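# Structure at a glance
In case you want the letters, here they are:
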Amino acid sequence: MDNTMVIELTDLTKAFGSTTVIKKTSLEVQNGEIFGMLGPSGAGKTTLVKMIAGIEKPTSGELRLFNEKMPSHRLIRQIGYMAQTDGLYHDLTGLENLKFFSAMYGMKGKKQKERMEEVLELVDLTAYKQKVVRNYSGGMKRRLSLAVALLHEPKLILLDEPTVGIDPVLRQSIWNELYKLKEKGMTILVTTHVMDEADKCDRLAMMREGAIIAVGSPDSLKEETESETIEEVFLYHGGGKYEG
Amino acid sequence: MRVKAITVRIIKQFFHDKRTLAMMLVAPLLILTIISLVFNGEDSVPSIGIEQVPEPVKELLKEQKITVSEMDQGDAEQKFREGSLDAWITLEDNQPRIVLEGSDPGTNQMVLNIVQQAIQSPGQKMKPDVEYFYGTEDMTSFDNFGPVLIGFFAFFFVFLIAGVSFLRERTGGTLERLMGSPVKKSEIVIGYLLGFGFFTLIQSTLIVIYSIYVLDLLMIGDFIWVLAVTLLCAFTALSLGTLLSTYAHNELQIIQFIPIVIVPQVFFSGLFDLEAISDLVSWIGPITPLYYAADALRDVMIRGLGFEEIAINLAVLFGFSLLFSAANILALRKYRSF
């Protein structure tokens, strides 16, 4: 089971009108790993994640999740997606948000209630669940957003820049949560433009201008290029300047 | 220097937001043109039916700016129902009798003046019996355009609120989240209709009750039909508002739909004399939802008509809602790959 491919992209491309955002891309993400996508903004990370989440249609190429072809209604249930925008209803309470989104996944009754408490516990928001989201701090909103993405117990979690604009303490706590999820057997794909976060991933793909320029574990990437840091690896492969 | 920088920045921003620029420059011209076409059209010519009217009076009537044709009372009543006749005049025992269609106080007054002039030969005082087919003598202008306003306000506010809240769904990322969940696009649209429908029902009931019982608006027909029309009108506004919000990037652009979508409807909904509107733009009315809502509301409130007579209007409004909702479901496709 461990070696099953959770995500398989084959020659995937995406174009908006005449601009190609994702050039022919192939990628494999294995079961149970934390896979990072590193690259400057504009590299196409978000577009790639959106295609995997089923929100954006690929222009060409094939996309398979859990050995099944996307898009598929059945697969959608296996995915938890946390976008860059919080995607929360600001005039509802935290609990009301969770209730609404869990209903979208057909959850109800005791199961729904238990699951809501579980994710609230996980992101440490139990004490604030009755508060209206408008009054949440930025970090609390990010955590609630993560909680929503985890509600329906997805096997694959897609996180688009989950730590952007978040203080180091909170960033650490989000990463701790990701490790917890990994232990539970979830596969996690996380995008970031912060180099030191890339070190925390099992494997990572470096993206630049709509193409993947390198794939591997942080250590092997460093070894191959005889680099000390991820940043050097990026410079080695990309050749260009890095403007995070 | 700073003033200059601010000035330049604002001018540049305008040029980057072409739609706002166009709205500022073009919308006033568009609306003024519509207004001029609505008000500068030919004066509406009252259409009057006569029976057994003495020749001299007939001649005098024909000299007036009206259309005169012979018909009996049965025909006249039929034409009143169709809305193609304004008055019917006859002579009973040497006493002129005028039956007015009655739903528009302005037209009533105009017809009465014309007829009085025609039959008032010098030295002869004749007071005609005046009857009203619809409405009463006491009917005010508010009674005439009040029903249109009920429809208008229900439409206007629901359109704005629905448009903005659906827009927020997109800009706040919640729509994206929904699209990543197993929910069906039709479920979102129907959910919106029902959720807003709840408040729309309250709003419509309140508007109708207040207008009739507090503002004393003329109300002859059945309350339930007024409510039904208002509700359907609001549903149309709701589905149109959510549909158009797809084409707006921010709240300002929703507001910009007002001069394009709302204002023209007002001109063609019957607040102004529809018969006097220039042929150049008279086709606009029948493609706007408010036209049907206003017509049905007047039919019920002023003319006391029931379901059979407003069924077509209700069906058209329902059709509009259905059409806009279907278009909205299609528009949502761009937010999802399946």
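Residues numbered from 1 in each chain as written. Chains lettered and ligands numbered in written order. Predicted model: local features only at pLDDT ≥ 70, side-chain atom pairs only at ≥ 80, totals over all residues.

## Observations regarding the overall build of chain A
Operational definition: Helix and strand assignments come from DSSP, with helices taken as H or I runs of at least 4 residues and strands as E runs of at least 2, each series counted from the N terminus. A radius of gyration in this sense is built from C-alpha atoms; the matching globule rule multiplies 2.2 Å by the number of residues raised to 0.38. Residue burial is a threshold on neighbouring C-beta atoms within 10 Å of the residue's own C-beta, all placed from the backbone, with 20 or more meaning buried, 12 or fewer meaning exposed, and counts in between meaning partly exposed.
Check the secondary structure of chain A and you find nine helices and ten strands. Its C-alpha atoms give chain A a radius of gyration of 18 Å, within 12% of the compact-globule value 18 Å for 244 residues. Along the three orthogonal principal directions, the C-alpha set of chain A runs to about 50 × 40 × 40 Å. Each of the 244 residues in chain A was classed as buried or not, and the buried ones make up 40%.

## Focus: the pairing of strand S9 (residues 203–208) of chain A
Residues and elements named next belong to chain A. Condition: For two strands to be treated as a pair, DSSP must find at least two bridges joining them.
For S9, the tally of buried residues reaches five of six residues, placing the bulk of the element in the interior. Where strand S3 (residues 34–38) and S9 come together, four bridges link them in parallel fashion. When the bridges of S9 are listed, Met 37 appears paired with Ala 205. Bridge count between S9 and strand S10 (residues 211–216): five bridges; the pairing is antiparallel. What sits directly across from Ala 205, in S10, is Val 215. Where S9 hands over to S10, the hairpin turn is made up of two residues, of which Glu 209 adopts a positive phi near 45°.

## Describing the sheet that holds strand S4 (residues 60–65) of chain A
Residue and element names in this part refer to chain A. Selection criterion: Each residue gets a C-beta atom placed from its backbone, and two residues are in contact if those atoms lie within 7 Å. Between N-to-C directions, angles span 0 to 180 degrees; the directions come from axes that are lines fitted to C-alpha atoms, helices contributing only their stretch in contact.
The strand order S2-S1-S4-S5 describes an open sheet built from four strands, whose pairing is antiparallel. The open sheet is flanked by strand S2 (19–30) and strand S5 (68–69), the only strands paired with a single partner. Judged from the eight bridges that link them, strand S1 (residues 5–16) and S2 form a sheet pairing that is antiparallel. Paired with Phe 16 across the strands is Thr 19, a residue of S2. Strands in contact with helix H1 (residues 45–53) are S1, S2 and S4; relative to S1, the strand with the most contacts, it is inclined by about 120°.

## Describing the nonpolar core
Generally speaking, soluble globular proteins have nonpolar side chains that are buried together. Rules: Think of a nonpolar core as buried Ala, Val, Leu, Ile, Met, Phe, Trp, Tyr and Cys residues chained together by C-beta atoms that fall within 7 Å.
If you look at the biggest cluster of nonpolar residues, it comprises 126 residues, and the most contacted ones within it are Ala147(A), Leu158(A), Ile188(A), Val229(B) and Leu297(B). The dominant element in this core, judged by the number of residues it contributes, is helix H9 (residues 223–245) of chain B, at twelve residues. Residues within four places of Leu297(B) in sequence aside, it is in contact with Pro147(B), Val148(B), Ile150(B), Gly151(B), Val226(B) and Val229(B).

## Looking at the environment of Asp199(A)
All names here are of chain A. Tracing the sequence through the fold places Asp 199 in the loop between helix H7 (195–198) and S9. Take Asp 199: there are 15 C-beta atoms within 10 Å of it, and that puts it in the partly exposed class. Distance from Asp 199 to Pro 218, taken between C-alpha atoms, is 5.7 Å for residues 19 residues apart in sequence. Leave out the neighbours within four places in its chain, and Asp 199 touches Pro 218 and Ile 230.

## Describing H9(B)
In plain terms, the rule: Expected span, for any helix, means 1.5 Å times one less than how many residues it has.
With 23 residues, H9(B) ought to run about 33 Å at 1.5 Å a step, and its terminal C-alpha atoms sit 33 Å apart, in line with that. By the criterion of burial, H9(B) is predominantly enclosed, with 18 of the 23 residues buried.

## With respect to the environment of Val99(B)
Residues and elements named next belong to chain B. Topologically, Val 99 is positioned in strand S4 (residues 95–100). When the 20 C-beta atoms within 10 Å are taken as the criterion, Val 99 is described as buried. Along the backbone, Val 99 and Phe 166 are 67 residues apart, and their C-alpha atoms lie at a distance of 51 Å. Non-local contacts of Val 99, meaning those with residues more than four positions away in its chain, are made with Ala 76, Ala 87, Trp 88, Glu 131 and Phe 133.

## Comments concerning the pairing of strand S3 (residues 87–92) of chain B
All names here are of chain B. One ladder, built from four bridges, connects strand S1 (residues 47–51) with S3; its direction is parallel. Each residue of the ladder has a partner; that of Ile 50, found in S3, is Ile 89. Across six bridges, S3 lies against S4 in antiparallel orientation. Bridge pairing in S4 links Leu 91 to Pro 96.

## Examining helix H11 (residues 257–268) of chain B
Residue and element names in this part refer to chain B. Counted at 1.5 Å a residue, the expected span for H11 with its twelve residues is 16 Å, and the 17 Å between its end C-alpha atoms agrees. All buried positions along H11 are accounted for by Phe 257, Val 261, Pro 264, Gln 265, Val 266, Phe 267 and Phe 268. Where H11 is buried, its residues touch helix H2 (18–39), helix H6 (141–171), H9, helix H10 (251–255) and helix H12 (289–301). Directly after H11, the chain includes Gly 270, whose backbone phi takes a positive value near 110°.

## Observations regarding unusual backbone geometry
Residue and element names in this part refer to chain A. Positive phi is not limited to glycine here, since Glu 153 has a value of about 50°. Residue position: Glu 153 is located in the loop between helix H5 (138–150) and strand S7 (156–160). Of note in this structure, Glu 161 is not a glycine but carries a positive phi near 50°. Within the secondary structure, Glu 161 is located in the loop between S7 and helix H6 (168–183). The exposure class of Glu 161 is buried, given the 22 C-beta atoms found within 10 Å.

## Here we look at the interface of chain B and chain A
What counts here: Each residue gets one of three labels, nonpolar for Ala, Val, Leu, Ile, Met, Phe, Trp, Tyr, Cys and Pro, charged for Asp, Glu, Lys and Arg, and polar for the others, Gly among them.
With 15 residues of chain B at the interface, the matching set in chain A holds 21 residues. Here the side of chain B that touches chain A is built from residues that sort into six nonpolar, six polar and three charged.

## Details of the domain arrangement of chain A
Residues and elements named next belong to chain A. Counted only if it meets this: Residue ranges for the domains originate in an automatic or database domain assignment.
If you check the domain split of chain A, you get domain 1 (1–78 + 155–244) and domain 2 (87–153). Placing the centre of domain 1 and that of domain 2 at their C-alpha centroids yields a distance of 25 Å. Examining the composition of the side of domain 1 that touches domain 2, we find that three residues originate from one element, H6, more than from any other. Residues of the side of domain 1 that touches domain 2, tallied by class, amount to five nonpolar, one polar and three charged.

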